[in-house]
Amino acid sequence: MSQSNPDRTYVESTIIMTTVRVVVPFVFTFGLFVMFHGAESAGGGFQGGVLVAAAVLLLAFAFGIESARAWLEGPLVKTSIAVGGATFAFVGLGALLGGGAFLEYEAYGFGTYGVKYGIELVELAIGAVVSGVLISLFFSLASGDFQASVPADSNGGANAENGGVNAENGGVNAENGGVNAENGGVNAENGAGSDANGDGRDPAVSATGTDTAVGAAGGEEA
Amino acid sequence: MTAVSTTLAIVLTFSVLAALAAILLRDVLNAIIAFAAFSFGIAVAWILLAAPDVALTEAAVGAGITTVLFLVTIAKTVRPSGERLLETVEWRSVAIVVLLVGSLLATVRSLPAVGAADAPVATSRITEYYLQNAYPETGVENVVTAVLAAYRGFDTLGEATVVIAAGVAVLLVLRQEAYV
């Protein structure tokens with residue numbers, strides 16, 4: 001099974017990791033530039049947000065999707081979606097308080113500068129929304145086994161019900177888990193404290209998930 | 001033919017070939033790579049047509065993120081067995097595609113030439129208004145951004161809302177509370 005699908009597994013590659021480590025700061029900076037500088041040159045919030053998301057996706061491809069997920073865990077991404085949307089709406093509503101129409105930047109009373117910086121704030125808000133949505137979309141598509149969020153004790157029951165599908169997923173997870181353990185060491189060298197924390201927990205979680213999945217698969221085949 | 005139109009012809013030919021490859025290749029992984037090449041060709045075509053904002057979007061979304069999302073999605077499927085490289089052609093589908101492409105190509109003759117001074121979009125009073133007033137009124141040098149965020153800001157708020165709503169809907173369907 002896994003021999004016929006070599007593209008499913010994460011392969012740790014020094015070349016890819018080194019390249020990504022060099023390229024990502026530039027991609028990320030360029031994304032922010034496109035977002036901030038959309039008023040003077042080509043670009044804007046949508047394009048810049050996609051570029052910022054692409055930087056995170058590059059990291060996920062090079063260092064493993066599970067490690068990247070552990071690194072990004074917490075409310076940061078979903079907060080950026082919500083704050084971006086709210087910022088855009090409040091920029092519009094604030095103009096009403098100033099006596100203007102909805103989104104009438106002149107109502108802030110700073111003349112042309114008010115319009116320009118209002119537009120740039122709106123572009124940043126759009127960038128936060130777009131990058132947040134794309135990053136979460138990527139991780140929820142990539143995570144594959146949709147039991148990831150189910151607690152461990154109900155996991156066994158769910159696996160037993162659709163054992164055929166999980167048998168394949170279990171195989172993939174087993175390889176991923178092994179790779180992540182190595183990856184934890186790499187990240188620890190980087191000195192990211194939160195990474196060590198997340199990775200310390202993650203292999204344990206995926207290991208138990210794999211165990212139950214393999215067990216259920218074995219039962220199904222027998 | 002000027003240098004730009006020659007380059008454009010080359011780029012469009014490349015895009016058409018990449019699109020055909022994306023349709024005909026049997027392995028989805030190959031088709032996705034061909035589709036990314038198609039998006040890249042179209043992005044270059046937008047640059048040649050002096051539309052850098054659209055080119056940036058096409059390159060980042062079409063060739064970049066969409067390809068990645070396709071890749072992580074097909075990573076969950078199995079590759080087709082057998083050595084056959086190309087998909088078998090269904091002639092009914094070909095007939096529909098030919099009909100659609102033919103009717104679209106029939107409209108090309110009525111389009112103004114690229115960069116023509118008498119094109120409706122160049123002589124329109126609205127275009128004139130934006131070009132004249134966008135900078136004095138908004139202080140923003142990129143007219144596209146001025147139109148998107150100031151003159152049509154309400155539309156753009158709607159777009160951002162659509163992105164949020166679509167994202168939340170997809171994430172709910174995929175049920176990844178572990179992440180979002």
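Residues numbered from 1 in each chain as written. Chains lettered and ligands numbered in written order. Predicted model: local features only at pLDDT ≥ 70, side-chain atom pairs only at ≥ 80, totals over all residues.

1. Quick look at the overall build of chain B
Looking only at helices and strands, chain B has 8 helices and 0 strands in total. Its helices and strands in sequence order give chain B the pattern α-α-α-α-α-α-α-α, from N to C terminus. Against the 2.2 N^0.38 benchmark of 16 Å for 180 residues, chain B shows a C-alpha radius of gyration of 21 Å, more extended than a compact globule. The dimensions of chain B, computed from C-alpha atoms along their principal axes, are 65 × 50 × 30 Å. Taking all 180 residues of chain B together, 23% fall into the buried category. Nonlocal contacts in chain B, meaning residues at least 24 apart in sequence, comprise 46% of its contacts between residues at least 6 apart. (Helix = DSSP H or I, 4+ residues; strand = E, 2+ residues; numbered from the N terminus. Rg over C-alpha atoms; globule rule 2.2 N^0.38 Å. Buried ≥ 20, exposed ≤ 12 C-beta atoms within 10 Å, placed from the backbone. Contact = placed C-beta atoms within 7 Å.)

2. Section: the overall build of chain A
From N to C terminus, chain A includes 8 helices and 0 strands. Counting helices and strands in the order they occur from the N terminus, chain A gives α-α-α-α-α-α-α-α. The proportion of buried residues among the 222 residues of chain A is 44%.

3. Observations concerning the packing of helix 1 (residues 14–36) of chain A against helix 2 (residues 45–63) of chain A
Residue and element names in this part refer to chain A. At a minimum axis separation of 8 Å, helix 1 and helix 2 run at an interaxial angle of 165°. One way to sum up the angle between helix 1 and helix 2 is to call them roughly antiparallel. The crossing of helix 1 and helix 2 is left-handed. Each of Ile16, Met17, Val20, Val23, Val24, Val27, Phe28, Phe30, Gly31, Leu32, Val34 and Met35 in helix 1 lies in contact with helix 2, whose residues at this interface are Gly45, Gln47, Gly48, Gly49, Leu51, Val52, Ala54, Ala55, Leu58, Leu59, Ala62 and Phe63. Counted by class, the contact of helix 1 with helix 2 contains 19 nonpolar, 5 polar and no charged residues. (Axes fitted to C-alpha atoms, helices over the stretch in contact; angles between N-to-C directions. Parallel < 35°, antiparallel > 145°, perpendicular 65-115°, else oblique. Left-handed = near helix turned anticlockwise from the far one by under 90°. Nonpolar A, V, L, I, M, F, W, Y, C, P; charged D, E, K, R; others polar.)

4. Here's the deal with the interface of chain A and chain B
If you look at the interface, chain A gives 54 residues, while chain B gives 44 residues. Of all elements in the fold, only helix 2, helix 4 (76–97) and helix 5 (111–142) of chain A reach the threshold of two or more residues within the side of chain A that touches chain B. The element that contributes the greatest number of residues to the side of chain A that touches chain B is helix 5 of chain A, accounting for 19 residues. Considering only residue class, the side of chain A that touches chain B consists of 32 nonpolar, 15 polar and 7 charged.

5. Points about the domain arrangement of chain B
Partitioning chain B into domains gives domain 1 (1–88) and domain 2 (124–180). Domain 1 of chain B and domain 2 of chain B are separated by 26 Å when their C-alpha centres are compared. (Domains from an automatic or database assignment.)

6. Description of helix 3 (residues 52–74) of chain B
Between its first and last C-alpha, helix 3 of chain B extends 31 Å over 23 residues, near the 33 Å set by a 1.5 Å rise per residue. At threonine 66 of chain B, helix 3 of chain B shows its largest bend, some 30°. Taken residue by residue, helix 3 of chain B has Asp53, Ala55, Leu56, Glu58, Ala59, Ala60, Val61, Gly64, Ile65, Val68 and Val72 of chain B as its buried positions. If you follow the buried residues of helix 3 of chain B, they end up packed against helix 1, helix 2 and helix 5 of chain A together with helix 2 (28–48) and helix 7 (143–151) of chain B. (Expected span 1.5 Å × (residues − 1). Bend = angle between axes of the 7 residues up to and from the residue.)

7. A few points about the confidence of the model for chain B
Averaged over chain B, the pLDDT score is 87; the fraction of residues at 70 or greater is 96%. The ipTM value of the predicted complex is 0.81, and its pTM value is 0.71. (pLDDT = per-residue confidence, 0-100.)

8. A word on the nonpolar core
Ranked by internal contacts, the top residues of the largest apolar core, which has 70 residues, are Val50, Ala53, Ala54, Leu57, Val129, Leu134 and Phe138 of chain A. Considering every element that reaches this core, the biggest residue donor is helix 5 of chain A, with 17 residues. Leaving out residues up to four positions away in the same chain, alanine 53 of chain A has contacts with Ser131, Leu134 and Ile135 of chain A together with Ile65 of chain B. (Core = buried A, V, L, I, M, F, W, Y, C linked by C-beta atoms within 7 Å.)

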